[in-house]
Amino acid sequence: MGLTNQATGFRTLRENFLPARTGGYLVALAGNPNAGKSTIFNVLTGLRQHTGNWPGKTVLQARGKFTHQGHIFTLVDLPGTYSLLANSVEEQVARDFICFGRPDVTVVVVDATCLERNLNLVLQVTETTTAVVVCLNLMDEARRKNIVIDVPLLAGELGVPVVPTAARNGEGLARLKDVIAAVATGAMRPVPTPIIYDKDIETAASQLARQLQPLLRGRLNARWVALRLLEGDATLLQGIQQFLGVDLSEPGIKLQVKEVLA
Ligand SMILES: Nc1nc2c(ncn2[C@@H]2O[C@H](COP(=O)(O)OP(=O)(O)OP(=O)(O)O)[C@@H](O)[C@H]2O)c(=O)[nH]1
Ligand SMILES: [Mg+2]
């Protein structure tokens, strides 16, 4: 059953979105459908989010709390998404929370049995924020399929911590909490490996990013927004208007996009 814009009303989504900051840290759980986000959410919070072996179970974000090392963490279980270039309302919920919910840490849960496909989202998230932890879930399944992953090498390549887990039997979740806490408190500062595009795209993006910087005022990564504008991502413009009150579809910006593309 699809969740449509009409059925939910965008306003409701937006009101649901930005949790009141009541102290503690805000942690987003993002990832492809079926990667095990809700399973991790349930173990960490003791709540019972719907889980099951088909994609798209979680349609709206769910929130729960856990405490660790004396800190309170609000965990947000997001709908599964393959990409930040939202193609459905569920993906838009996830994208908007990652971009506008200002999480202190974004955990990207990936399926260790199909790492390559899952890394697409990891790379997109690390383009928007540095406070990223990769949770390499379904390690039990990977072992069963004789898939061997060099975790330190992966972490080194990505520039963010990678924590192997098998959430269904609780494996690795204590370490996951330690790493979330370390990134949230600033004890660990990931430095994601930048993705460098063709020279023309880089030149256009940095030119545009300079124009966007004063409008976005650090609330969103200007380079990433510039790349999305060059790509013509209309739903992101909607989100920026809604959550930041900045209209990037105004003629002045359109003209700049045209100019850098010329
Ligand atoms: N073997 C194994 N199964 C797991 C593991 N983690 C989750 N699962 C199972 O994988 C299926 C999907 O888990 P969910 O937690 O619902 O996945 P999700 O990421 O929340 O999925 P969406 O909400 O659809 O995006 C469920 O049947 C879980 O029991 C794990 O580490 N190992
Ligand atoms: Mg789920």
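Sequence order as written defines residue numbering, which begins from 1 separately in each chain. Chain letters start at A and ligand numbers start at 1, both assigned in the order the entries are written. Per-residue local features are limited, in this predicted model, to residues with pLDDT of at least 70; the limit for side-chain atom pairs, both in listing and counting, is 80 or more; totals at the level of whole chains, interfaces and linings are taken over all residues. Excluding hydrogens and water, the side-chain values take into account all heavy atoms of the structure.

## Digging into the overall build of the protein chain
Note the threshold: Per the convention used, a helix needs a DSSP run of H or I reaching at least four residues, while a strand needs a run of E reaching at least two, with both numbered from the N terminus. In this description the radius of gyration comes from C-alpha coordinates, and the expected globular size is given by 2.2 Å times residues to the power 0.38. Note on classification: 1.4 Å probe, protein chains only; a residue is buried when its accessible area is under 20% of the maximum for its type, exposed when over 50%, partly exposed between these limits. Whether two residues touch is decided by their heavy atoms; if any such pair falls within 4.5 Å, the residues are in contact. Computed with a 1.4 Å probe, the accessible areas rest on the Shrake-Rupley method; for each residue, only the protein chains presented here act as cover. Under the counting rule used here, the positive set is Lys and Arg, the negative set is Asp and Glu, and His together with the chain ends is not counted. Where a charge sits is defined by one atom per residue type, namely NZ (Lys), CZ (Arg), CG (Asp) or CD (Glu).
If you tally the helices and strands in the protein chain, you get 12 helices and six strands. For 262 residues, the compact-globule estimate of 2.2 N^0.38 gives 18 Å, and the C-alpha radius of gyration of the protein chain, at 18 Å, lies within 12% of that figure. Counting only C-alpha atoms and orienting by the principal axes, one finds that the protein chain spans roughly 55 × 40 × 35 Å. Within the protein chain, buried positions represent 52% of all 262 residues. Residue pairs in contact within the protein chain that sit at least 24 positions apart in sequence constitute 67% of those at least 6 positions apart. Surface accessibility of the protein chain: about 12900 Å² in total, with carbon and sulfur atoms responsible for 52%. Computing the positive centroid from 26 side-chain charges and the negative centroid from 23, the protein chain places the two 6 Å apart.

## Some remarks on the packing of helix α4 (residues 89-100) against helix α11 (residues 234-244)
Our working definition: Helix axes are fitted to C-alpha atoms over the stretch in contact, other axes to C-alpha atoms as well, and angles between N-to-C directions run from 0 to 180 degrees. Roughly parallel means an angle under 35 degrees; roughly antiparallel means over 145; roughly perpendicular covers 65 to 115; every other angle is labelled oblique. It is the rotation of the near helix from the far one that decides the hand of a crossing: anticlockwise by less than a right angle makes it left-handed, clockwise makes it right-handed. Nonpolar residues are Ala, Val, Leu, Ile, Met, Phe, Trp, Tyr, Cys and Pro. Charged residues are Asp, Glu, Lys and Arg, and all others, Gly as well, are polar.
Running from N to C, α4 and α11 cross one another at 50 degrees; their axes reach a closest spacing of 11 Å. On the basis of their axis angle, the class for α4 and α11 is oblique. You can see that α4 and α11 cross each other, and the crossing is right-handed. Contacts between α4 and α11 pair Q92, R95, D96 and F100 from the former with T235, L236, Q238, G239, I240, F243 and L244 from the latter. Looking at the contact of α4 with α11 residue by residue, the class counts come to five nonpolar, four polar and two charged.

## A word on the environment of F66
With respect to the helices and strands, F66 occurs in strand β2 (residues 62-68). Under the relative-accessibility criterion, F66 is labelled buried at 6%. Sequence spacing of F66 and L220 is 154 residues, and the spatial spacing of their C-alpha atoms is 27 Å. The residues contacting F66, other than those within four sequence positions of it, are L44, H71, I72, F73, L75 and K177.

## A short note on unusual backbone geometry
The phi angle at Q69 is positive, at roughly 50 degrees, despite the residue not being glycine. Relative to the elements of secondary structure, Q69 occurs in the loop between β2 and β3 (71-77). On the basis of relative accessible area, Q69 is assigned to the exposed category, the value being 52%. The backbone of R217 shows a phi angle near 45 degrees, a positive value even though the residue is not glycine. Within the fold, R217 resides in the loop between α9 (199-216) and α10 (222-231).

## Section: the domain arrangement of the protein chain
Definition in use: Residue ranges for the domains originate in an automatic or database domain assignment. Here the quantity called buried area is the accessible surface, traced with a 1.4 Å probe, that two parts lose on coming together, added over both. One speaks of a salt bridge when a side-chain nitrogen belonging to Lys or Arg is within 4 Å of a carboxyl oxygen belonging to Asp or Glu.
Each domain of the protein chain was delimited in the assignment, giving domain 1 (5-185) and domain 2 (199-261). Computed from C-alpha atoms alone, the centre-to-centre distance between domain 1 and domain 2 is 26 Å. The interface is formed by 15 residues belonging to domain 1 together with 16 residues belonging to domain 2. In total, domain 1 and domain 2 occlude about 1300 Å² of area from one another, counting both sides; carbon and sulfur atoms represent 61% of this. For the pair domain 1 and domain 2, the number of links is zero salt bridges. In terms of residue count, the dominant contributor to the side of domain 1 that touches domain 2 is α4 (five residues). Looking at the side of domain 1 that touches domain 2 residue by residue, the classes come out as eight nonpolar, three polar and four charged.

## Let's talk about the pattern of salt bridges
For the structure shown, the criterion picks out five salt bridges. Between R95 and D96 there is a salt bridge, with the nearest N and O atoms lying 3.0 Å from each other. Just as R95 is buried, D96 falls in that class too.

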